[in-house]
Amino acid sequence: MTHFKFASSIGVFGVIVGLCAFLFNYHIISLSFPGYRLFVAPAIFLLSFFSEETDFIPKMILFISGQFLGYFTLAYFFRVISGVAKKSI
């Protein structure tokens, strides 16, 4: 599997995890999902550049994009670095 395909699959997984965490946190108000801010850290980071007054739909598009890009980037760099480490050994 190429680095890009691997990172893309991890990015899609990150979007699924982020959406599940968001839906749980959004619909179950009385509970706080443990580790929510950790799981959706890439989305929160991207959303920090935008106003609180941004509408819901654009905010969700940014949320999903941030999740995908964050998980994709981490997986891609991890895969490349681990490949370089294997070649040097």
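The structure contained in this document is the topic of the report that follows.

Each value, and the rule that gives it
- Residue numbers restart at each chain and count upward from 1, following the sequence in its written direction.
- Only residues with pLDDT of at least 70 are given local features in this predicted model, and only at 80 or more are side-chain atom pairs given and counted; all residues enter the totals for whole chains, interfaces and linings.
- Hydrogens and water molecules were not included; the side-chain quantities draw on all heavy atoms of the structure.
- What counts as an axis is a line fitted to C-alpha atoms, over the stretch in contact for a helix, and the angles between N-to-C directions run from 0 to 180 degrees.
- Under the DSSP-based scheme used, a helix requires at least four consecutive residues in state H or I and a strand at least two consecutive residues in state E, with every element numbered from the N terminus.
- In this scheme, roughly parallel covers angles under 35 degrees and roughly antiparallel covers those over 145, while 65 to 115 is roughly perpendicular and the rest are oblique.
- Crossing chirality is assigned from the near helix's rotation relative to the far helix, an anticlockwise turn below a right angle marking it left-handed and a clockwise turn marking it right-handed.
- Under the grouping applied here, Gly and all other residues not named as nonpolar or charged are polar, the nonpolar ones being Ala, Val, Leu, Ile, Met, Phe, Trp, Tyr, Cys and Pro and the charged ones Asp, Glu, Lys and Arg.
- Residue count minus one, scaled by 1.5 Å, sets the expected span of a helix.
- Remark: exposure states derive from per-residue accessible area (1.4 Å probe, protein chains only) relative to the maximum for the residue type, with buried under 20%, exposed over 50%, and partly exposed in between.
- In what follows, a contact means two residues having at least one pair of non-hydrogen atoms within 4.5 Å.
- Take the buried Ala, Val, Leu, Ile, Met, Phe, Trp, Tyr and Cys residues and link them wherever side-chain atoms come within 4.5 Å; each set so joined is a nonpolar core.

Take the packing of helix H1 (residues 3–27) against helix H4 (residues 56–88) next. It is the contact of H1 with H4, at a shortest axis distance of 7 Å, that shows an interaxial angle of 140 degrees. Taken together, the axes of H1 and H4 lie oblique to each other. Relative to H4, H1 is oriented so that their crossing is right-handed. Of the residues belonging to the contact of H1 with H4, the class tally is 19 nonpolar, 6 polar and 1 charged.

We now examine H1. The terminal C-alpha atoms of H1, which comprises 25 residues, lie 36 Å apart, in line with the 36 Å expected from a rise of 1.5 Å per residue. Turning to H1, its buried residues are Ala7, Ser8, Gly11, Gly14, Val15, Gly18, Ala21 and Phe22. Structurally, H1 contributes buried residues whose contacts are with helix H2 (36–39) and H4.

Attention now goes to the nonpolar core. Counting residues in hydrophobic clusters, the biggest one holds 7 residues: Ala21, Phe22, Tyr36, Val40, Ala43, Met60 and Phe63. Of all the elements in the fold, those that place two or more residues in this core are H1 and H4.

Within the secondary structure, Ser8 is located in helix H1. Apart from the residues within four sequence positions on either side, Ser8 is in contact with Phe68 and Phe72.

Attention now goes to H4. Helix length check: H4, at 33 residues, gives a terminal C-alpha distance of 48 Å against a target of 48 Å (1.5 Å per residue), a fit within 8%. Among all positions of H4, only Met60, Leu62, Phe63, Gly66, Gln67, Gly70, Tyr71, Phe72 and Ala75 are buried. The inward-facing, buried residues of H4 abut H1, H2 and helix H3 (41–47).

Any functional reading would require information beyond the geometric quantities listed.
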